[in-house]
Amino acid sequence: MTTIQIAPIRDHHAHVGLFASLMGCLDLSDMDRDTALASMRKLPPDRVTTIRGWHSVRHALSPGEMEGLPPILLINLSLHGFALTPGAVERLQESDPEVVDHRFDPEWCERNLPRLLGFFDRQAHLEEATFDRFMEALGDLGVARLDEMLLQSEHAWRIMSGSKWADRLCYWTTPRIFEQLPAEAQGQIEGFKLFLDGAIGVRTAALSMGFRDGTKGLFTYTDAEWREVLESLQDQGRSLAIHAIGDLAIGQALDGLEDLSRRGLRFPSLRLEHVQFITKAQAQRAKALGIVLSMQPNFSDDSRAYANVLTQEACDANNPFRMLIDEVGFGPGVELLFGSDGMPYGVEAQLQHGLFPPCASQRLTLDELLAGLDSRLSDTGPAYVIDHEQQRVTRQAQETA
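Presented here is an overview of the structure given in this document. Note that the coordinates shown come from a computational prediction; the quantities given were computed from them, not determined experimentally.

A short note on the pairing of strand S15 (residues 392-395)
As defined by bridge partners, strand S14 (residues 383-387) adjoins S15 across four bridges and the pair is classed as antiparallel. Each bridged residue has a counterpart across the sheet, and for Asp-387 the counterpart in S15 is Arg-392. Joining the antiparallel neighbours S14 and S15 is a turn of four residues, in which Gln-391 adopts a positive phi near 55 degrees.

Structure, rendered in C-alpha cells:
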C-alpha cells in the first residue's frame, strides 16, 4: 500500500451551476432498481419532484410502473435524456410544452441539449446558499478550480460570479446563451461550447462500432450545418470546446476544423471534450491542429458499466489513454486535460478510475493523472491510500483531537 497527499486539483470539465441546483434532489445513482422504485413511490403526489442520477438502463421502468408513480422529472445520469411520469406531464405541459412533447424524441433532445439542461436547471432552481454548500463540498473532495462547461443563464452567472468562489471558476457557454448574457458576463466567458453527438447511456453517442442493439447514435448537425456553425463563430475571437464522444462525431469535428485551417481560419484555442472513442488516426489529426483533448478518467468505467449496451469492440476502444500518450504524444497537463463531468467529482474518484480502470489501455500513471489535473503531491491536505493489490483507493480518515 502507498499513502500520498495531493494538492487540490482543477476539474477541467464540470457543470457547477446545474449540479449545485440538483444538489438537494433525490439521487438514484447508487441505488439498485428496487430501492430506486421504492424511494420514488414515497414522493409527494401534489407537485413535480426532480430526481437526478437516473440510469436509464439499470433503472429501466415499464409504462405501468411509470403510471403508478407521483409527478417526477427523472434526469438521466449522463444528463442526456430524461423521463416524465404521467403526473409530471400534466403539470409541465403548460409551462414547457415543447420539452414535454419531445420527451420521446432523442434526436430533438440531443439537438436541443443546452435548452434541455436549462429546463432541468429551472426545475431545480439554483440558489446562493445551495451553491455555497456545493462548492464547500467540492473543497472537501479536493477540488479547488473548475471549468464550468455550460453556464446556463444570467441568473446562474450572477450567483456564481457574486460568490466567494468566483475566482475558482472558468466559464464556457453556448453561442445562444452567450447572446442573452449582459456585457459584463460576456467578458468573463472563456469560449463557446458546442455538441456534436449524445451520450452512451441513451445510445446517442455517434459510434461507428455501434451499440449492441444495432444503433449508431445521432449527430447534432449535418456536415454542412457544422461547417456553417464553425464559420459563423470563427471571427468572434473566442476559444471553442466541442463535445464529441463517438469516433463518428470526432471525425465530423476534425473534418470541419481542417477545412477552416486550410483556409487560414483558426480559433484562439480548441478543445475536444470527452473523445472516448478517438482512433489513433484521429488523434494524429487532432495533434496536427493543435487541439487539446479534455477527457474524463472516470469514464473508463463505461467499459464495465455499459458492457450490456456497447459492443465489445467499443468497450475495448474506450478512453485509449496509453495510445494517446505513448504513441501519439499527447502530454498530460498540456495537450491532455482531465476532468470529471461531475460523475463523480473529487480526488478519490480520479485516482480510482485513473490508476485502476477496467482495461490496461486506459491506465494512467500517478504523475500523468496529477499533471492532467493541474495538481501535485503535497505535504499537506487529505491523504489517500492506494492499495495496488486490491486495486482500490480510499481517503484516509483524518484524526480528530
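So much for the structure itself; the text now carries on.
Side note on the pattern of salt bridges
Taken as a whole and judged by the stated rule, the model has 23 salt bridges. One salt bridge in this structure joins Asp-147 and Arg-10, with 2.6 Å as the shortest N-O distance. Note that Asp-147 is positioned in strand S7 (residues 143-148) and Arg-10 in strand S2 (residues 9-14), a separation of 137 residues in sequence. Using a relative accessible area of 1% as the deciding quantity, one classes Asp-147 as buried.

What about the pairing of strand S10 (residues 239-244)?
Within S10, six of the six residues are buried, which leaves it mostly tucked inside the rest of the structure. Neither face of S10 is exposed, since Ser-239, Ala-241 and His-243 on one face and Leu-240, Ile-242 and Ala-244 on the opposite face are all buried. In the sheet, strand S9 (residues 189-195) pairs with S10 via five bridges, with the strands oriented parallel. Counted as the bridge partner of Leu-194 is Ile-242 from S10. In this fold, the crossover linking S9 to S10 by way of helix H12 (residues 223-234) has right-handed handedness. For S10 and strand S11 (residues 270-274), the ladder comprises five bridges, and the chain directions are parallel. Within S11, the residue paired with Ile-242 across the bridge is Leu-272.

Cut-offs applied
- Residues numbered from 1 in each chain as written.
- Predicted model: local features only at pLDDT ≥ 70, side-chain atom pairs only at ≥ 80, totals over all residues.
- Heavy atoms only, no water.
- Pairing = 2+ DSSP bridges.
- Helix = DSSP H or I, 4+ residues; strand = E, 2+ residues; numbered from the N terminus.
- Salt bridge = Lys/Arg side-chain N within 4 Å of Asp/Glu carboxyl O.
- Buried < 20%, exposed > 50% of the residue type's maximum accessible area, 1.4 Å probe, protein only.
- Right-handed = clockwise from strand over helix to strand, strands pointing away.

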